[in-house]
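This is what each chain is made of:
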Amino acid sequence: MSERMLELIGERRVAPSILSADFARLGAQVEEVMEAGARVIHVDIMDGHFVPPITIGPLVAAAIADQVHAAGGALDVHMMIAAPERQIAEFAKAGADSITFHQEATPHANRTLGAIRELGCLAGIALNPGTPVEAVSELRGLADLVLCMTVNPGWGGQSFIPASPDKVKRLSALVGDAAIEVDGGIETHTAGPVAAAGASLLVAGSAIFGTPDPAQSYQAIATAAGAA
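Residues numbered from 1 in each chain as written. Predicted model: local features only at pLDDT ≥ 70, side-chain atom pairs only at ≥ 80, totals over all residues. Heavy atoms only, no water.

1. With respect to the overall build of the protein
Selection rule: Helix and strand definitions follow DSSP, with helices as H or I runs of at least four residues and strands as E runs of at least two, each counted in order from the N terminus. Computation of the radius of gyration draws on C-alpha atoms, with the globule rule given as 2.2 Å multiplied by the number of residues to the power 0.38. Each residue's exposure class comes from its accessible area (1.4 Å probe, protein chains only) as a fraction of the maximum for that residue type: buried when under 20%, exposed when over 50%, partly exposed otherwise. For this analysis, residues touch if any pair of their heavy atoms sits within 4.5 Å. To measure how exposed things are, a 1.4 Å probe is used in the Shrake-Rupley method; for residues, cover is taken only from the protein chains shown. Only four residue types enter the tally: Lys and Arg on the positive side, Asp and Glu on the negative side, with His and both chain ends excluded. By convention, charge coordinates are those of NZ in Lys, CZ in Arg, CG in Asp, or CD in Glu.
Along the protein, the regular secondary structure elements total nine helices and eight strands. Computed over its C-alpha atoms, the radius of gyration of the protein comes to 15 Å, within 12% of the 17 Å expected for a compact globule of 228 residues. Reported as C-alpha extents along the three principal axes, the dimensions of the protein are approximately 40 × 35 × 35 Å. Here the protein, with 228 residues, has 54% of them falling under the buried criterion. Restricting to contacts in the protein with at least 6 residues of sequence separation, those with at least 24 account for 66%. When the accessible surface of the protein is totalled, it reaches about 9,200 Å², and 51% of it is carbon and sulfur. Treating the 13 positive side-chain charges of the protein as one cloud and the 25 negative ones as another, the clouds have centres 4 Å apart.

Given below as C-alpha cells:
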C-alpha cells in the first residue's frame, strides 16, 4: 500500500477530502473526482474529543478503499482523534495507504510513527496552527508526511489562515525528505501560495465537493497549484 502512495506524492497532488462529500452519493462522487484526475483521496476522522465533531471511521474508509485502489489511487487517512495509537491498526486494515495523526494528540509520536510504518502505511504527523514547526524537529526521518493545518481542525469550509505559507516554508527546512501536506481553506487562490512555499499534497474539501461541479473544481485547484 505505501509504495502506491509514495509514488503518487512524488509529484504535487490535490487530495479531495470526502468530509465535504454527499455521503448518499459517496462512491459516485469519489469516481467523479478520480475521473477528473485525482489520485489521492483524503479521509478526515474526528472523534468528538480531540476536536468537537464526530465524523466517520474505518467502515467508511473500507467502503471506498477498493474503488480508490482500482482506479490507481491511494487513501490518505487524517486522524483528528485522541490516543491515535489505539486506532491505527483498524485504519490500516480498512485499506489506508497513509495514516496521519496529530502531534498534540499523543505523547508517543515517535512510537506511533513507527507502528504505522510497521502496518505497511506511510506515516504522517500533523500540526495545529498554534503548534510551532519545531515540534517535529526530533521526528526528522521518521515521518513520511508532515501535515500543516491551514485552519483550526474540526470543521470544513473554514477560511484559510493567511500566515500559513510562511509556516509551510519554515517546515520545509526541518522535515528532510518528508512531503508537506496542507489541509484547510485550500481553493484556487490559496493553492498557489502554499505550493510555492513547499507543500506537495494539498487537501481540498468544500472547495471541491461543495460546488455544483466537483470535477471542474478539482481541476481548477490542481491547475492553480501546478499539480499533477
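Still more to cover.
2. Some remarks on the packing of helix 6 (residues 164-172) against helix 7 (residues 188-197)
This is how the line gets drawn: As a rule, the C-alpha atoms of each element are fitted with a line to give its axis, helices using only the stretch in contact, and angles between N-to-C directions run from 0 to 180 degrees. Here is the rule for angles: anything less than 35 degrees is roughly parallel, anything more than 145 is roughly antiparallel, 65 through 115 is roughly perpendicular, and the remaining ranges are oblique. Handedness of a crossing follows from how the near helix is turned relative to the far one, being left-handed for an anticlockwise turn of less than a right angle and right-handed for a clockwise one. Charged residues are taken to be Asp, Glu, Lys and Arg, nonpolar residues to be Ala, Val, Leu, Ile, Met, Phe, Trp, Tyr, Cys and Pro, and polar residues to be all remaining types, Gly included.
For the pair helix 6 and helix 7, the least separation of the axes is 8 Å and the interaxial angle reads 20 degrees. The orientation of helix 6 with respect to helix 7, classified from their angle, is roughly parallel. Every pair of crossing elements has a handedness; the one defined by helix 6 and helix 7 is right-handed. Across the interface between the two elements, Pro165, Val168, Lys169 and Ser172 from helix 6 touch Pro193, Val194 and Ala197 from helix 7. Taken together, the residues of the contact of helix 6 with helix 7 sort by class into five nonpolar, one polar and one charged.

3. With respect to the packing of helix 7 against helix 9 (residues 214-225)
Between two packed helices, what matters for the description is the angle formed by their axes and the separation of those axes. Interaxial distance between helix 7 and helix 9 falls to 7 Å at its minimum, and their mutual angle equals 35 degrees. Considering how the two elements wind past one another, helix 7 and helix 9 form a crossing that is right-handed. In this structure, helix 7 uses Thr188, Ala191, Gly192 and Ala195 to contact helix 9, whose residues at the interface are Ala220, Ile221, Ala224 and Ala225. In terms of residue class, the contact of helix 7 with helix 9 is made up of six nonpolar, two polar and no charged.

4. Focus on the sheet that holds strand 6 (residues 145-149)
The test is simple: Two strands qualify as a pair provided that DSSP identifies no fewer than 2 bridges between them.
Taken in spatial order, the eight strands of this open sheet run 1-8-7-6-5-4-3-2, and their pairing is parallel. The strands lining the two open edges of the sheet, one partner per strand, are strand 1 (13-16) and strand 2 (40-46). The sheet shows a mean angle of 25 degrees between the axes of neighbouring strands, taken without regard to direction. Here strand 2 pairs with strand 3 (residues 74-80) via seven bridges, running parallel. The partner of valine 40 across the bridge, within strand 3, is alanine 74. In the packing of helix 9 onto the sheet, the strands contacted are strand 1 and strand 8 (201-204), and the crossing angle to strand 1 comes to about 150 degrees.

Nothing here speaks to function; it is all geometry.
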